[in-house]
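Structure assessment
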Amino acid sequence: MSVFSDLAEMGSALGEELVGLGGVLLAAIPYLAGYIILILASMMIWRWIKSFFQPKHDFTSLKTVTFGDESAVTSESAASFISIILIFLLWGAFTGSKLLPSFLHAPGPFIGQSSFTYTVEAPDGATDEATVFIGVAPVGGQPVDPEFELGDGIAKNDSAGVVAYRSTLVPWDANDDVTRADGAKIVAIDGKPVDIGDSVRVGFGNVTITQRGTLNVAPAKGWQMEAIWLPPPEAVWSRVVRISQEGFQNVTLIQHLGFSLFRVIVGFILGAIVGIPLGYAMGLSNWFRGWFDPIVEFMRPVPPLALIPLVIIWAGIGEIGKIILLFLAALWIMAIAARAGVSGVTISKVHAAYSLGASKWQIMRHVIVPNSLPEIFTGARVAMGVCWGTVVAAELVAAEEGAGMMIMAAAKFQNTDIVIMGIILIGMIGFGIDLLMRMAERWLVPWKGRA
Amino acid sequence: MSGLLIDDISMRFDLPTGGHVQALKNVTLDIKEGELMSVLGPSGCGKTTLLNIVAGFLAPTSGEVTLGGKKVHGPGPERGMVFQQGALFEWMNVRENVSFGPRMKGTAKQDAGKVDHLLDVVGLQDFKEKAVYELSGGMQQRVALARCLANDPDVILMDEPLGALDALTREKMQGLVLKLWKETGKTIILITHSVEEALLLGERLVVMAPRPGRLHKEYHLPFAERGVNADLRAVKVSEGFNETREEILSMIWDMEEEIMGRTEAAT
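The following refers to the structure shown. (Residues numbered from 1 in each chain as written. Chains lettered and ligands numbered in written order. Predicted model: local features only at pLDDT ≥ 70, side-chain atom pairs only at ≥ 80, totals over all residues.)

What follows is about the sheet that holds strand E4 (residues 168–170) of chain A. All names here are of chain A. A sheet is described by the order of its strands in space; here 4 strands give the open sequence E4-E9-E8-E7, paired in antiparallel fashion. The open sheet terminates on both sides in strands that have one partner only, identified here as E4 and strand E7 (199–202). Pairs of neighbouring strands in the sheet enclose a mean axial angle of 30°, with direction left out of account. In this structure, E4 lies alongside strand E9 (residues 215–219), joined through 3 bridges in antiparallel fashion. Looking across to E9, one finds that leucine 169 is bridged to asparagine 216. (Pairing = 2+ DSSP bridges. Helix = DSSP H or I, 4+ residues; strand = E, 2+ residues; numbered from the N terminus. Axes fitted to C-alpha atoms, helices over the stretch in contact; angles between N-to-C directions.)

Bringing the sheet that holds strand E2 (residues 20–31) of chain B into the picture now. All names here are of chain B. Pairing within the open sheet is antiparallel, and its 4 strands lie in the order E2-E1-E4-E5. Bordering the open sheet on either side are E2 and strand E5 (70–71), each of which pairs with just one other strand. Across 8 bridges, strand E1 (residues 4–14) lies against E2 in antiparallel orientation. Paired with leucine 5 across the two strands is aspartate 30, which belongs to E2.

Residue and element names in this part refer to chain A. Between helix H9 (residues 360–397) and helix H10 (residues 403–412), the least distance of the axes is 7 Å, while the angle of their chain directions is 45°. In terms of orientation, H9 and H10 fall into the oblique class. Where H9 crosses over H10, the two elements pack in a sense that is right-handed. Counting all contacts with H9, which are made through Val391, Val392, Ala393, Ala394, Glu395 and Leu396, the residues of H10 involved are Ala403, Gly404, Met405 and Met408. In terms of residue class, the contact of H9 with H10 is built from 8 nonpolar, 1 polar and 1 charged. (Parallel < 35°, antiparallel > 145°, perpendicular 65-115°, else oblique. Left-handed = near helix turned anticlockwise from the far one by under 90°. Contact = placed C-beta atoms within 7 Å. Nonpolar A, V, L, I, M, F, W, Y, C, P; charged D, E, K, R; others polar.)

Here we take up the pairing of strand E2 (residues 127–137) of chain A. Residues and elements named next belong to chain A. By the bridge criterion, 10 bridges tie strand E1 (residues 112–121) to E2 in an arrangement that is antiparallel. Directly across from phenylalanine 116, in E2, lies its bridge partner valine 132. From the end of E1 to the start of E2, which pair antiparallel, there are 5 residues, and glycine 125 there has a positive phi angle of about 95°. With 6 bridges connecting them, E2 and strand E3 (residues 158–163) associate as parallel partners. The residue of E3 that forms the bridge with isoleucine 134 is alanine 160.

Another aspect to go through is the interface of chain B and chain A. The partner chain A presents 16 residues to the 20 residues of chain B that form the contact. Among the elements of the structure, strand E6 (79–82) and helix H3 (100–105) of chain B are those that each provide at least two residues to the side of chain B that touches chain A. Tallying contributions element by element places H3(B) first for the side of chain B that touches chain A, with 4 residues. Each residue belonging to the side of chain B that touches chain A can be placed in one class, and the counts come to 13 nonpolar, 4 polar and 3 charged.

Spelled out as structure tokens, the structure:
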């Protein structure tokens, strides 16, 4: 019974979460639609531009059926180009990047001076209006209270300085003849009647009456992201330059990345050294297949990340622990790839080799091993990808150096630029690894997929 | 060297679902040295099983195969195999494929000239450095033939070697098989399910019947002799060809219909 009530509880909690998530998704729909419209519009524009060029006369261009013809669909490099440019354009536009002309910027936060009026009602029913002058300084600047004159009446003018993206409290009654303690309260802002807790949109932002009756002034944040959430591209780039010169936490950038790569390569090589023979044994012997099948099939679906705690308990957070983890990440993948490579050998190839007088060892050397290489390469590509992901995650948990440690440490100080730099570098290295593996594959197993 | 004797072979195996299959029953064949024998039969008559037993890939449940008086226990280089397709090694080029046998024996150097000569005979001299997956199906089968011959086997076993080729290439290859047979004097057993091919490429033709797989009828035919270095189309219209083909075709049709009837009755 308690299982059901637990489930019901979880269900209702999940339900609330889902409602919230649904709201976010709904709010995102216009933006997604806009993005898709951008994709389609750029496609139309590009097609229109292309119509002025000399049309291509290769075989594919003569096909009339392209929708559903897999061979007619290739990656349009113009689309890739525009897509990447657009990412940087959007990034720059919403961070106020200096690389972009300012007319491309999304509206930024309000900077400068402005004012609003508030109306005070004294306990005796008398009312008076006063002005609050607000000075908004740019991020990194000092807030300065604008100069002002007190004015007349029971309510005197006020002023406050604030930094963009922040808000400030204005104790409006500090210099007034009647104060909140006397029972005075604000009844209108910019002429609009208000009550406790109400928020009013004024020319430069929002003004809210707090529960205690003071004014909370929040200048408009605009559409741009604050640098602590998302720094502009040039800030990230200058951070790359600075960190590559100065290092991060006494370790150079190359060392951080090098440590991660070193762990991956050592872990992967160890995994391959053990995994490939294991896979061969499983592919060639009933007994070995039976012996290791349950172990491999059980370990394969266990995400390597789930092993991190155990590895830390057993081997600590040093180099050994990480290499053990990556070894385990690569091991099962390589074993399964090698097993599949051996099982995939056409029996007629083996028969032919025997009929040509090959010994068992020669069959192994000249038929089974080369025949399994394409599968092993596919496995190696997967394993390298998994290892790279695992090493970063392992470094997030605990490390003295490494790409994952770098972004985790930076995140603790809200150094978003370092985090983004790290993510970009991690992505580029992962992509580079895959590219190298593919090149090696083309060079070493040119017959792959062509049997 | 001497003849190949298939002595009272039977093959019967249990099925995992219970019951058993009698793949071959009391098959006896005495094949003389240099004989070209084709084996024909409807699917399921055990002709491939028979070939695999001769090659040594399968063990018969009773009877034995002897080559030159020596009992066959497993695969060996004295019995070469040519498969339908997919038996070439993609990781080797044409020449490496053809020289595979000599290289395994460690006689690659001595046999280099022979390999070159064979590449010439099958018309692949200009392709010897090519990867095998770059060749057409017909060329690949030429490589397979040359690879088998490079090992100098006493008997060549062909398991539908031309089955995957288009009609025109197939006819050319049939001519090549006849030429190689005459030039090398090898004993050849060829399995096919093309009646025409069986007639053209068998001075001796064995028709097998299914369930249980057994010898049904045997012919001694003049067409292979006629076809050596001659126009195969002329052979196909020569005396007796059509009549024999019709006779065998109707025989096989009868068997197929009998199988169908039995299967339907069983279900």
